[in-house]
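So the chains spell out like this:
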Amino acid sequence: RDHTTGHLMPVGGQAGRVARVEQPGQCLRRPHPREPGGRPAETDPAAAATGSLTAYARDRGGEGLDLWVQPLPGGEPVRITHDPADDREPDFSPDGSRLVFRSERDGGGIYEVPALGGAERLVAARGRTPKFSPDGKWIAYLVGGRAVRTAAWITDGRGGAPREVAPSIEFG
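Below you will find a few notes about this structure. (Residues numbered from 1 in each chain as written. Predicted model: local features only at pLDDT ≥ 70, side-chain atom pairs only at ≥ 80, totals over all residues. Heavy atoms only, no water.)

## Comments concerning the overall build of the chain
Scanning the chain for helices and strands turns up zero helices and 15 strands. Every one of the 172 residues in the chain was classed for burial, and the buried ones make up 43%. When contacts within the chain are restricted to residue pairs at least 6 apart in sequence, those whose partners lie at least 24 apart make up 28%. Put simply, the chain shows about 9400 Å² of open surface, and 52% of that area lies on carbon and sulfur atoms. (Helix = DSSP H or I, 4+ residues; strand = E, 2+ residues; numbered from the N terminus. Buried < 20%, exposed > 50% of the residue type's maximum accessible area, 1.4 Å probe, protein only. Contact = heavy atoms within 4.5 Å. Areas by Shrake-Rupley, 256 points an atom, 1.4 Å probe, with all protein chains shown as cover.)

## A closer look at the packing of aromatic side chains
For the structure on display, the rule yields one aromatic pair. Aromatic side chains Phe101 and Tyr111 sit 5.8 Å apart centroid to centroid with 20° between the ring planes, which places their arrangement in the stacked category. On the criterion of sequence distance, the pair formed by Phe101 in strand 9 (residues 98-103) and Tyr111 in strand 10 (residues 109-114) is long-range, its members being ten residues apart. Across the pair, exposure class does not vary: Phe101 and Tyr111 are buried alike. In this arrangement the basic side chain of Arg126 is found over the ring face of Trp153, its NZ or CZ atom lying 4.9 Å from the centre. (Phe/Tyr/Trp six-rings, centres within 6.5 Å; stacked < 30°, edge-to-face > 60°. Lys NZ or Arg CZ within 6 Å of the ring centre and 35° of its normal.)

## Re empty space enclosed by the protein
Throughout the structure, instances matching the rule amount to one cavity of 30 Å³ or more. Of the volumes computed, that of the largest cavity is approximately 40 Å³. Arg58, Arg60, Glu63, Gly64, Asp66, Trp68 and Arg79 are the residues that line the largest cavity. In the lining of the largest cavity, the residues fall into one nonpolar, one polar and five charged. (1 Å grid on protein atoms, 1.4 Å probe; cavity = no way out; pocket = protein on both sides within 12 Å on 5 of 7 lines; lining within 4 Å. Points joined across faces, edges and corners; volume = space filled by probe spheres on them. Nonpolar A, V, L, I, M, F, W, Y, C, P; charged D, E, K, R; others polar.)

## Thoughts on the environment of Ser52
As for its position among the elements, Ser52 is in the loop between strand 4 (42-47) and strand 5 (53-59). Separated by 23 residues in the primary sequence, Ser52 and Gly75 place their C-alpha atoms 9.7 Å from one another. With sequence-adjacent residues up to four places away left out, Ser52 is seen in contact with Gln70, Pro71 and Leu72. A polar contact of 2.8 Å, which involves the side chain of Ser52, links it to the side chain of Thr50. (Polar contact = N/O pair within 3.5 Å; in protein donor to acceptor, adjacent residues only side chain to side chain.)

Below, the structure written as structure tokens:
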């Protein structure tokens, strides 16, 4: 049986947590399917606070990760990004109308796109793990990594200059 079928459903009504289910109320216990080479076929799930949409990164046949959005419950997935570079780490705006995400295109950065597809726009030229503020006016993200200092930045997402808000973050 092809275990890539099923639907993504919110877990416990909590925004940002989803699980793959065969039918409402039944969670699959199998691990996520993997593409050749061990890469996850689907990763980085995010649920809109409205509970009506979920987004995730999906690798179709080794072509790289693109973002997909699926109406809940049980709607058909819609491919949102089509770039050869990996697109991942989606986060919905509080009203569910927009997505921010990390992309590896052009050296990496944070992009924004309408939740059901449309023109993608660069928000910040670097960064990872973008998150909307609760009011949707700001986008927070991290810059740096394991071998270098990690800092938290914010931008208004409308073309304003990003600014560093926490110059050094330590992860345990």
